[in-house]
Amino acid sequence: MKLARVTGTVTATVKDTPFSAQKMLLVDIVDAQGAVLEPAVVALDVCSAGPGDLVVVTMGSAARLPTQTSGVGTDATVIAIVDEVTVDGSAVYNAP
Amino acid sequence: MKLARVTGTVTATVKDTPFSAQKMLLVDIVDAQGAVLEPAVVALDVCSAGPGDLVVVTMGSAARLPTQTSGVGTDATVIAIVDEVTVDGSAVYNAP
Amino acid sequence: MKLARVTGTVTATVKDTPFSAQKMLLVDIVDAQGAVLEPAVVALDVCSAGPGDLVVVTMGSAARLPTQTSGVGTDATVIAIVDEVTVDGSAVYNAP
Amino acid sequence: MKLARVTGTVTATVKDTPFSAQKMLLVDIVDAQGAVLEPAVVALDVCSAGPGDLVVVTMGSAARLPTQTSGVGTDATVIAIVDEVTVDGSAVYNAP
Amino acid sequence: MKLARVTGTVTATVKDTPFSAQKMLLVDIVDAQGAVLEPAVVALDVCSAGPGDLVVVTMGSAARLPTQTSGVGTDATVIAIVDEVTVDGSAVYNAP
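Keep in mind that what you see is a predicted model, and the values were worked out from it rather than measured.

J.: Got a sec to walk through the overall build of chain A? Specific residues and values, please.
T.: A tally of helices and strands in chain A yields 0 helices and 8 strands. Its C-alpha radius of gyration of 14 Å places chain A within 12% of the 12 Å reference for a compact globule of 96 residues. On the principal axes, the C-alpha backbone points of chain A span a range of 45 × 25 × 20 Å. When burial is assessed residue by residue, chain A has 59% of its 96 residues classed as buried. When contacts within chain A are restricted to residue pairs at least 6 apart in sequence, those whose partners lie at least 24 apart make up 49%. Surface summary for chain A: the accessible area is close to 3,500 Å², and the carbon and sulfur share equals 51%.

Shown next, in the form of structure tokens:
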């Protein structure tokens, strides 16, 4: 999984039917210091995350393991909202 | 998933049988501003997307979740045509 | 999926049994203009492709969807030989 | 799989239910000499690894093969704590 | 799949139980000329490959298709020891 920062949303009227009940978030994959490793991943969300949140994104078939995304053709899903990241024993991130 | 711009099409007479009823699109993976992150991905399409459309592409086994691509050996499928992308609360893309 | 140019072959006497009936092609992943994006992918082939052919390669579990590769531990299979690639409405590749 | 160095932990109160019993480690993917190849991967752990440990991480659906992570939507799991790495017949790493 | 050069071994006492009967090889992903494309992949092996061998590695769920790795949480397995690689009709590698 990867750390990611929620940056925005993607809306679509024309979409595969199982996505109709899903909100698509735009996230940047980041490191523990917040530097962007991969921009513009579109992810589903089972945590009600919002813009600015640091989250954990799971990718591949894992993205369809949560009950809410089962049967939806997603390859990326937000599965946690991060409270704290520690590196070498020190907190490098705390949720505001 | 990733944002992508539809750039063209790929046609083939000799292909694995389940692909015979499928149109193959050529897309560039892009960021929210349209910069190309990965060129030349070949994707199936369940949204009747066309050249120039900004779309959402799902990859891996997720590409075979839509009814129309079930049983077809694709690893990339267009599952939405984007209406709007917002970043930090502002629209950075609106479909023409 | 990705466009790829068939560059050669890989032969092996010692291999996992299900591969014994399979030919392994060496391909370079390319963009629509033929520039190499990723060299030296080893792929199975269900299209009887040959050196120099521009092909479509599917990756991951999709590579085992064709009847001929079912049960073989491949993660990359040639599923089409390209006739034509169009970009922005113009042909950028036509098979010779 | 990849070698990885455990650098820290990620904690979250709001997370997909199957993750509630799981500890999330932060790891850097490294080469045999310890150089970082990919930073900030979030992995589950079936080996009780701790900060500083050199471990082996498996990715994709493999991450859910261990009994402890079955049914949890992870795409990365620590499946071994490394005792020794040898390259060209010489030990390049020994666990302290 | 990818060509890879076996460079060493990884040993671990603490590991997920299904790995207990498995040897972990350290390999570098290489191109047809032997240039390293990705260092330090940890792979299981169903071919009794040894240091220096040029091999073919399959990744993802394909790594668990061989009988010997079924049920083991690997995402990379050596499935062939290369005898010869030809590019543009000429041999660029022959096993010693």
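J.: Please give an account of the relation of the copies chain A and chain B that cites residues and values.
T.: Between chain A and chain B, the superposition needs a rotation of 72° and an axial shift of 0.0 Å, giving an RMSD of 0.0 Å. Taken together, the rotation and translation relating the two chain copies correspond to the operation of a five-fold axis. Interface overlap between copies: only 4% of the residues of chain A at the interface are likewise at the interface in chain B, consistent with a contact formed by different surfaces.

J.: An account of the relation of the copies chain C and chain E is requested, with residue identities and associated values reported.
T.: Between chain C and chain E, the superposition needs a rotation of 72° and an axial shift of 0.0 Å, giving an RMSD of 0.0 Å. When the interface residues of chain C are mapped onto chain E, a mere 4% of them are again interface residues, pointing to distinct binding faces.

J.: Residue-level account of the interface of chain A and chain B, with values.
T.: Contacts between the two partners involve 28 residues from chain A, matched on the other side by 27 residues from chain B. For the pair chain A and chain B, the summed buried surface comes to about 2,000 Å²; carbon and sulfur atoms form 55% of the total. Summed over the three residues of chain A that lose the most area to chain B, namely Val14(A), Asp16(A) and Asp75(A), the buried surface amounts to 23% of that side. On inspection of chain A and its partner chain B, the count reaches 1 salt bridge. A salt bridge links Lys2(B) to Glu38(A); the shortest N-O distance between them is 2.8 Å. Linking chain A to chain B there are 14 residue pairs in polar contact (both at pLDDT 80 or more). Those elements that place two or more of their residues in the side of chain A that touches chain B are strand E1 (2-11), strand E2 (14-15), strand E3 (24-30) and strand E4 (36-45) of chain A. Ranked by residues supplied to the side of chain A that touches chain B, first place goes to E4(A) with 7 residues. Across the side of chain A that touches chain B, the residue classes tally to 14 nonpolar, 9 polar and 5 charged.

J.: Explain the interface of chain C and chain E to me, and be specific about the residues and the numbers.
T.: In this assembly, 28 residues from chain C lie in contact with 27 residues from chain E. Between chain C and chain E, a total of about 2,000 Å² is buried, with carbon and sulfur atoms accounting for 55% of that surface. The interface formed by chain C and chain E includes 1 salt bridge. Counting the contacts that link chain C with chain E gives 15 residue pairs in polar contact (both at pLDDT 80 or more). Mapped onto the side of chain C that touches chain E, the elements with two or more residues apiece are strand E1 (2-11), strand E2 (14-15), strand E3 (24-30) and strand E4 (36-45) of chain C. Considering every element that reaches the side of chain C that touches chain E, the biggest residue donor is E4(C), with 7 residues. Among the residues forming the side of chain C that touches chain E, the class breakdown is 14 nonpolar, 9 polar and 5 charged. In the sheet, E1(C) pairs with strand E7 (residues 84-87) of chain E via 4 bridges, with the strands oriented antiparallel. Across the sheet, Val10(C) pairs through a bridge with Val85(E), a residue of E7(E).

J.: Can you tell me about the side chain of Asp75(C), naming the residues and giving the values?
T.: Among the structural elements, Asp75(C) can be located in the loop between strand E5 (54-59) and strand E6 (76-81). An unpaired buried charge is present at Asp75(C): no salt bridge exists, and Arg64(C), the closest side chain of opposite charge, is 7.3 Å distant. Polar contacts involving the side chain of Asp75(C) include one to the main-chain amide nitrogen of Met59(E), which spans 2.8 Å. Setting aside residues up to four positions removed in sequence, Asp75(C) forms contacts with Thr58(C), Met59(C), Gly60(C), Ala63(C), Met1(E), Thr58(E), Met59(E) and Ala62(E).

J.: An account of the pairing of strand E4 (residues 36-45) of chain D is requested, with residue identities and associated values reported.
T.: For a regular strand, side chains alternate in direction, first toward one face of the sheet and then toward the other. Residue and element names in this part refer to chain D. Direction of pairing for strand E3 (residues 24-30) relative to E4: antiparallel, over a ladder of 5 bridges. By the bridge assignment for E4, valine 30 is matched with valine 36. Counting the residues in the hairpin turn of E3 and E4 gives 5 residues, including glycine 34, whose phi is positive at 95°. When E4 meets strand E6 (residues 76-81), the two strands line up parallel, connected through 2 bridges. Bridge pairing in E6 places leucine 44 opposite threonine 77.

J.: Please set out the side chain of Thr86(D) residue by residue, giving values where relevant.
T.: Here Thr86(D) is to be found in strand E7 (residues 84-87). Of note is the side chain of Thr86(D), whose polar atom sits 2.6 Å from the side chain of Thr9(E). When sequence neighbours within four positions are dropped, the list of residues in contact with Thr86(D) reads Ala91(D), Val92(D), Thr7(E), Gly8(E) and Thr9(E).

J.: An account of the pairing of strand E8 (residues 90-94) of chain D is requested, with residue identities and associated values reported.
T.: Residues and elements named next belong to chain D. Looking at chain direction, E7 and E8 are connected through 4 bridges and run antiparallel. Each residue of the ladder has a partner; that of valine 85, found in E8, is tyrosine 93. Following E7, the chain reverses through 2 residues before pairing antiparallel with E8; aspartate 88 in that reversal takes a positive phi of roughly 50°.

J.: Hey, could you go over unusual backbone geometry for me, with residue numbers and the actual values?
T.: Residues and elements named next belong to chain E. With a phi angle near 55°, serine 48 is a residue other than glycine that sits in the positive phi range. Relative to the helices and strands, serine 48 is located in the loop between strand E4 (36-45) and strand E5 (54-59). With a phi angle near 50°, aspartate 88 is a residue other than glycine that sits in the positive phi range. Structurally, aspartate 88 is set in the loop between E7 and strand E8 (90-94). Classification of aspartate 88 as exposed rests on a relative accessible area of 66%.

J.: Tell me about the environment of Thr13(B), and please be specific about residues and values.
T.: Assignment of secondary structure puts Thr13(B) in the loop between strand E1 (2-11) and strand E2 (14-15). A relative accessible area of 64% means that Thr13(B) is categorised as exposed. When the C-alpha positions of Thr13(B) and Gly71(B) are compared, they lie 19 Å apart, and in sequence the two are 58 residues distant. Every residue in contact with Thr13(B), bar those within four places of it in the chain, is listed here: Ile81(C) and Asp83(C).

Criteria and thresholds
- Residues numbered from 1 in each chain as written.
- Chains lettered and ligands numbered in written order.
- Predicted model: local features only at pLDDT ≥ 70, side-chain atom pairs only at ≥ 80, totals over all residues.
- Heavy atoms only, no water.
- Helix = DSSP H or I, 4+ residues; strand = E, 2+ residues; numbered from the N terminus.
- Rg over C-alpha atoms; globule rule 2.2 N^0.38 Å.
- Buried < 20%, exposed > 50% of the residue type's maximum accessible area, 1.4 Å probe, protein only.
- Contact = heavy atoms within 4.5 Å.
- Areas by Shrake-Rupley, 256 points an atom, 1.4 Å probe, with all protein chains shown as cover.
- Least-squares fit on C-alpha atoms with pLDDT ≥ 70 in both.
- Buried area = accessible area lost by both parts, 1.4 Å probe.
- Salt bridge = Lys/Arg side-chain N within 4 Å of Asp/Glu carboxyl O.
- Polar contact = N/O pair within 3.5 Å; in protein donor to acceptor, adjacent residues only side chain to side chain.
- Nonpolar A, V, L, I, M, F, W, Y, C, P; charged D, E, K, R; others polar.
- Pairing = 2+ DSSP bridges.
- Lys, Arg positive; Asp, Glu negative; His and termini not counted.

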